[in-house]
Amino acid sequence: MTSFQLLRQRVSDDRRYKIRDLKAALDWTVWLYILIPALMIGVAYYRSWWLVAPDWLAVIPEQAAVFPLYLIATTWSLRIYTEEADQVYLLQNAVLSKGLKKWGMAHSLLKGMLVTSLGIGVALPLLITGWGWSVERVAVTGLFLLLMSWNAKTCRYFIDLFVPSIWVKWIPVGFVNLLSIVILLAVSQVGWKYEWAVAAGIGSLLLLLVVQLRARVQMRGTFFHDAVIERGYKQSITKFLMGNVGVAPATLIVRKQPFLFRGSKRIRKKRSPQTRMIDLYTKWLLRSVGKMQYYLQVIGWGTAAILLLPLVVKVVVLLFALYALIGLSRADWREFSEGSYAQLFQWETSLREEAEKQALKLVSMPSFLLLCLVTGSSFPGWMGLLLFPLGGWFVFKESVQMVHRGMQTGKWQDSKGI
């Protein structure tokens, strides 16, 4: 097997691994209710930007375009697709090992080119229609953006290798990013007008890139460091989806008594078994700072997006917040009801189902209605403040019923061994 064939195999394995994780998170409901409508709305807005520049572009200086473009252009990673098992055979074959490095870096640079082109393509109507950039100016800026992203990501590898401290490495990383943004600003504003400056800049950046890549290929004794980095790249989507799942680190201050509900008194006056179960769940949830943080993040980011984005996109954000809130409530209830403490109480199945319906509404309903109020206030007139909370209450109620029926169907299938 040649080094190119080995790279194709590992790229294919890496792609299947990440697609499998994405399929576990993005089911058909996410595609149907969120991603597909958001894509259709985005295409419609992108087409309208070519015809008429958006009004909000008048208050944003054209220099600000460099920051999101650079951020998008540096989202890829310089990889060589090394695995831990390579120390058995591949590390002993210098030709095959060096060839895999070269092809891996070439593949990474090609991904960087595609990502940069995508960023330029998305911002193209804003640059041309909104700020009046010429095609030559866009082309020169895009070329420098690509070269700066290649050099910045290659330099990031050497920083990670020689600066092990996570707190210290942000100093050289910040310096590289700041220098790249300054160069892009100079090129996009003044430098693109002078051919000698463009030629000198492109030549210097290409020379610097060749020197860094050559040093990367010739470097020895970094196998285990490279293997750890590659494992992190391969599991990047898994890490993003799992978040803080796992064993929580020890807190700095250990409390002997809970901060909330110290006396374990009843929250609700009713004495029914399902009410008692909801009381226990409420205390468990409110005492969990990390879990409440997720709800606050959904409310905060949802509110910011609703206030900043166009009117039609606000509804898409609201639906996404609904899906996120119900998903959080569903996961929290499952964790609580299947925990060792909740299993001590021998409640009947019907009581657990009734408590489950109430638990799904406990935090997610007021949070969603709050976002509905924010969305309604963004629309002109008082009808939005009236219709959005009412419509949100109806949509939330039906969504909870669908989720509850889905959970019951899943339990029935598990009990039957389907």
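Criteria and thresholds
Residues numbered from 1 in each chain as written. Predicted model: local features only at pLDDT ≥ 70, side-chain atom pairs only at ≥ 80, totals over all residues. Heavy atoms only, no water. Salt bridge = Lys/Arg side-chain N within 4 Å of Asp/Glu carboxyl O. Helix = DSSP H or I, 4+ residues; strand = E, 2+ residues; numbered from the N terminus. Buried < 20%, exposed > 50% of the residue type's maximum accessible area, 1.4 Å probe, protein only. Phe/Tyr/Trp six-rings, centres within 6.5 Å; stacked < 30°, edge-to-face > 60°. Lys NZ or Arg CZ within 6 Å of the ring centre and 35° of its normal. 1 Å grid on protein atoms, 1.4 Å probe; cavity = no way out; pocket = protein on both sides within 12 Å on 5 of 7 lines; lining within 4 Å. Points joined across faces, edges and corners; volume = space filled by probe spheres on them. Nonpolar A, V, L, I, M, F, W, Y, C, P; charged D, E, K, R; others polar. Contact = heavy atoms within 4.5 Å. pLDDT = per-residue confidence, 0-100. Arc of directions from axis to C-beta. Axes fitted to C-alpha atoms, helices over the stretch in contact; angles between N-to-C directions. Left-handed = near helix turned anticlockwise from the far one by under 90°.

A.B. asks: For the pattern of salt bridges, give the residues involved together with the corresponding values.
C.D. replies: If you walk through the whole model with that rule in mind, you get ten salt bridges. Residues Arg79 and Glu230 are paired through a salt bridge, measuring 3.0 Å at the closest nitrogen-oxygen approach. Here Glu230 lies in helix H8 (residues 223-234) and Arg79 lies in the loop between helix H3 (66-73) and helix H4 (94-130), a separation of 151 residues in the sequence. Judged by relative accessible area, which is 4%, Arg79 ranks as buried. Between Arg156 and Asp160 there is a salt bridge whose closest N-O contact spans 3.2 Å. With Arg156 and Asp160 both in helix H5 (residues 135-162) and four residues apart, this pair spans about one turn of that helix. Classification of Asp160 by relative accessible area gives buried; the value is 17%. Put simply, Asp14, Lys18, Arg79 and Glu230 are held in one network by salt bridges that share partners.

A.B. asks: How would you sum up the packing of aromatic side chains? Please name residues and give values.
C.D. replies: The tally for this structure, following the rule as stated, stands at five aromatic pairs. With a centroid separation of 6.3 Å and an interplanar angle of 85°, the aromatic rings of Tyr46 and Trp50 are classed as edge-to-face. A residue pair is termed a helical-turn pair when its members lie 3 or 4 positions apart in one helix, as Tyr46 and Trp50 do in helix H2 (residues 28-51) at four residues. Look at Trp50 and you get partly exposed, because its relative accessible area is 36%. Taken together, a centroid distance of 6.3 Å and an interplanar angle of 50° make the contact between Tyr194 and Trp196 tilted. Given the relative accessible area of 65%, Trp196 is considered exposed. Above the plane of the ring of Trp133 lies Arg137, whose end atom (NZ or CZ) is 4.1 Å from the centre. The residue whose ring lies beneath Arg216 is Tyr157, and the NZ or CZ to ring-centre distance is 3.8 Å.

A.B. asks: Any chance you could break down empty space enclosed by the protein for me, citing the residues and the numbers?
C.D. replies: Sizing a probe to match a water molecule and rolling it over the atoms shows the empty space that remains. Tallied over the full model, the rule gives one cavity of 30 Å³ or more. Considering only enclosed or pocket space, the largest cavity measures out at about 50 Å³ in volume. Forming the boundary of the largest cavity are Leu78, Arg79, Ile80, Tyr157, Arg216, Asp226, Ile229, Glu230 and Tyr233. Among the elements that make up the lining of the largest cavity, the one with the highest residue count is H8 (four residues). Tallied by class, residues from the lining of the largest cavity come to five nonpolar, no polar and four charged.

A.B. asks: Let's hear about the side chain of Ser367: which residues, and what values?
C.D. replies: In this fold, Ser367 is placed in helix H14 (residues 364-378). Look at Ser367 and you get buried, because its relative accessible area is 7%. With sequence-adjacent residues up to four places away left out, Ser367 is seen in contact with Ile299 and Leu325.

A.B. asks: Mind laying out the confidence of the model for the chain, listing which residues take part and the relevant values?
C.D. replies: Across the chain, pLDDT averages 79, with 83% of residues at or above 70. Low pLDDT, under 50, characterises residues 244-256; the predicted model gives this stretch two contacts beyond four residues in sequence or across chains.

A.B. asks: Go over H3, please, and point to the residues and values.
C.D. replies: Turning to H3, its buried residues are Val66, Leu69, Tyr70 and Ala73. End-on, the buried residues of H3 take up no more than an arc of 95°, which puts them together on one face. Tucked inside the fold, the buried residues of H3 contact H4, H5 and helix H6 (170-189).

A.B. asks: Tell me about the layout of surface pockets, and name the residues and values.
C.D. replies: Empty space within the second largest pocket amounts to approximately 830 Å³. Those elements giving two or more residues to the lining of the second largest pocket turn out to be H4, H5, H8 and helix H9 (236-242). By residue class, the composition of the lining of the second largest pocket is ten nonpolar, four polar and eight charged.

A.B. asks: An account of the packing of H4 against H5 is requested, with residue identities and associated values reported.
C.D. replies: Running from amino to carboxyl end, H4 crosses H5 at an angle of 145°, the nearest separation of the two axes being 10 Å. The way H4 lies across H5 gives a crossing that is right-handed. Contacts between H4 and H5 involve Leu109, Gly112, Met113, Thr116, Ile120, Leu124, Leu127 and Ile128 on the former and, on the latter, Val138, Gly142, Leu145, Leu146, Ser149 and Trp150. Split into classes, the residues belonging to the contact of H4 with H5 amount to ten nonpolar, four polar and no charged.

A.B. asks: I'd like a description of the environment of Val198, backed by residues and values.
C.D. replies: Following the sequence through the fold, Val198 ends up in helix H7 (residues 195-218). Classification of Val198 as buried rests on a relative accessible area of 15%. In this structure the C-alpha to C-alpha distance between Val198 and Phe144, which are 54 residues apart in sequence, comes to 8.7 Å. Sequence-distant contacts of Val198, defined by excluding residues within four places in its chain, comprise Val140, Phe144, Gly191 and Trp192.

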